[in-house]
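# Examining the three-dimensional arrangement
Residue-level listing of the chains:
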Amino acid sequence: MTSLPAPVAGRSFREQRGHRLGGCLHQMRRDPLGLYTQTWRDCGDYVRLRVVPGINCYVLTHPDAVEHVLLKGHKNYRKPDIFYKSVGLLVGNGLFTNEGESWAGQRRLAQPAFHSQYLSQLGPLMVEGARAFVREQEGFQGRVIDMVDGMMKVGLRIASTTLFSADISGDTDAIGRAFRIAFAHISDRLNSSQLIPNWFPTPSNLAFAKAKRLLDRAVLDLIGARRDSADQPNDLLNILLNARDEKTGDGMPRQQLMDEVLTLLTAGHENIGAALSWTWYLLGLHPGVQEDVHDEIDARLQGRSVAVDDLPHLPLLKAVFEESLRLYPPGWGELRETISADEVNGYPIPARSIIILCQWVTHRHPGFWDEPERFKPGRFLGSAAADRHRFAYFPFGGGPRICIGMQFALIEGPLVLATILQRFRVELVSDHPVVPDATFTLRPKHGLKVVLHPRGAKVS
């Protein structure tokens, strides 16, 4: 982060100064969602945020500003060094962190693995990942389970079977702990004004190093096993192994392949697990909506397993998942840095400014959402979505850097939900606290305790 002068022309930013000595850094670390929400309430859509004395960021909430940064003026915005130096510790130089022509080349290499026609073939593996969860719960209805743990395991099972053709969900506990340690470490570094070198043997650095070794070993073992195997299934890993840059004809270097696989595993495990967990939370809070979804699924499927071709005929189910992504987006904020000085809707922003876009706030903007705090899946039915500003809702980012796995998630989420809802009605444990944890990916801080009640006969 850099020291920024005050704007001198055009519109003037309102300023959120925070504490007289510490600025907003303490609250940014302790409660970022609360900070950005209060900042919008106090100061509006265009705010200069004093992080610590002499260091400022710009929080842009209006969808027009989001559109400018992510799409219209995207060439003048990059991910800041603090982002790469922190997140890159975990996923290296993968698609999530890379920039410029190098990123564009990586995107071209990976894109065939996310073509919609190919993704539709993965539907049966996604359904089987959810059915494995259903089988594990058979005979144990009525007991309290943690749905976050369950959905993380489903996400890991689906990510590994589609990406690697190998189910590594048996290691969910160890991998999940490693990710949480890594995310906490990254979050701490992103929100620190002074960084201790990662090689210095602090407890946090040592814990992160151990977690990173475990995750790297899991990925390297799978890549190595595939290279040594005569069996070469047509999965995402094989597509990446055989991909060639259309301009140079080169494939991915070993380290780059490892970075990409770990990036995809991170998103496929953590992001979808969090998104599904929040969807169960909202369905549990709204049993009437859950019953309507049951009726829609039963009428369409008539007891058979769900398939990708069914999704257009399950509009309420899809709308429930999209509304969950509005209220509880796993990726709840994005960082950018201006390359050159810019102007956004008349607000001048100096070069090398840190820009904060916050889905959590924009997705609740009352100028674009009626009753924004309410769970209303109907927002995503019929013409309602078409009439809305396209950047009032951006759970997967936007512009050229929109998440490459967006369609993967939008297929996987409803398939998993439909498979589990065919067999169970989900009831929340009423006295269990559900608090958003924005450490990195947005997930329920204390898990999500539920009881699964059986519905009718087993799905064939």
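Residues numbered from 1 in each chain as written. Predicted model: local features only at pLDDT ≥ 70, side-chain atom pairs only at ≥ 80, totals over all residues. Heavy atoms only, no water.

Moving on: the sheet that holds strand 5 (residues 144–146). The antiparallel open sheet is built from 3 strands, whose spatial order is 5-13-10. The open sheet has two edge strands, strand 5 and strand 10 (424–428), and neither has a second partner. Mean inter-strand twist for the sheet, computed between neighbouring axes without regard to direction, equals 45°. Summarising the sheet, strand 5 and strand 13 (residues 449–454) pair through 3 bridges and their orientation is antiparallel. (Pairing = 2+ DSSP bridges. Helix = DSSP H or I, 4+ residues; strand = E, 2+ residues; numbered from the N terminus. Axes fitted to C-alpha atoms, helices over the stretch in contact; angles between N-to-C directions.)

Any segment with low pLDDT has predicted coordinates that should not be analysed in fine detail. With 94% of its residues at a pLDDT of at least 70, the protein reaches an overall mean of 88. A low-confidence stretch, residues 1–9 (pLDDT under 50), is modelled with 27 contacts involving residues beyond four sequence positions or located in other chains. (pLDDT = per-residue confidence, 0-100. Contact = heavy atoms within 4.5 Å.)

The next point concerns the environment of Met147. Topologically, Met147 is positioned in helix 8 (residues 147–164). Considering only alpha carbons, one finds Met147 and Lys449, 302 residues apart in sequence, at a separation of 6.2 Å. Among all residues touching Met147, those that are not within four sequence positions of it are Phe133, Ser277, Trp280, Val426, Leu448, Val450 and Leu452.

Turning our eyes to something else, we now look at helix 12 (residues 254–285). Along its 32 residues, helix 12 runs 46 Å from first to last C-alpha, staying within 8% of the 46 Å computed at 1.5 Å per residue. Counting buried positions along helix 12 gives 27 out of 32 residues, so the element sits mostly inside the fold. (Expected span 1.5 Å × (residues − 1). Buried < 20%, exposed > 50% of the residue type's maximum accessible area, 1.4 Å probe, protein only.)

It is the contact of helix 4 (residues 81–91) with helix 10 (residues 203–228), at a shortest axis distance of 9 Å, that shows an interaxial angle of 45°. The angle between helix 4 and helix 10 places the two elements in the oblique class. Judged by residue contacts, Leu89, Leu90 and Val91 of helix 4 engage Phe208, Lys212 and Leu215 from helix 10. Residues that form the contact of helix 4 with helix 10 fall into these classes: 5 nonpolar, no polar and 1 charged. (Parallel < 35°, antiparallel > 145°, perpendicular 65-115°, else oblique. Nonpolar A, V, L, I, M, F, W, Y, C, P; charged D, E, K, R; others polar.)

Moving on: helix 2 (residues 32–43). For helix 2, spanning 12 residues, the distance from its first C-alpha to its last is 16 Å, which sits close to the expected 16 Å at 1.5 Å a residue. Considered for burial, the residues of helix 2 that qualify are Pro32, Leu33, Leu35, Tyr36, Thr37, Thr39 and Cys43. One or two steps after helix 2, the chain reaches Gly44, where phi turns positive at roughly 95°.

This part is about the nonpolar core. Ranked by internal contacts, the top residues of the largest apolar core, which has 124 residues, are Tyr36, Leu49, Met147, Met151, Val261 and Trp280. Considering each element in turn, this core owes the most residues, 15 residues, to helix 12. If you look at the next biggest cluster of nonpolar residues, it comprises 16 residues, including Phe13, Tyr58, Ala65 and Leu70. (Core = buried A, V, L, I, M, F, W, Y, C linked by side-chain atoms within 4.5 Å.)

As a further point, take the packing of aromatic side chains. All told, the structure shown has 14 aromatic pairs when counted by the stated rule. Geometrically, the ring pair formed by Phe13 and Tyr347 is tilted, given 5.0 Å between the ring centres and 55° between the ring planes. A residue pair is termed long-range when its members are at least 10 positions apart, and Phe13 in the segment before strand 1 (14–16) and Tyr347 in strand 8 (residues 347–349) qualify at 334 residues. When sorted by exposure, Phe13 lands in the same class as Tyr347, which is buried. Taken together, Phe13, Tyr46, Tyr58 and Tyr347 form an aromatic cluster joined through their ring pairs. The residue whose ring lies beneath Arg364 is Tyr328, and the NZ or CZ to ring-centre distance is 5.8 Å. Directly above the ring of Trp360 sits Arg364, whose terminal nitrogen or CZ lies 3.7 Å from the centroid. (Phe/Tyr/Trp six-rings, centres within 6.5 Å; stacked < 30°, edge-to-face > 60°. Lys NZ or Arg CZ within 6 Å of the ring centre and 35° of its normal.)

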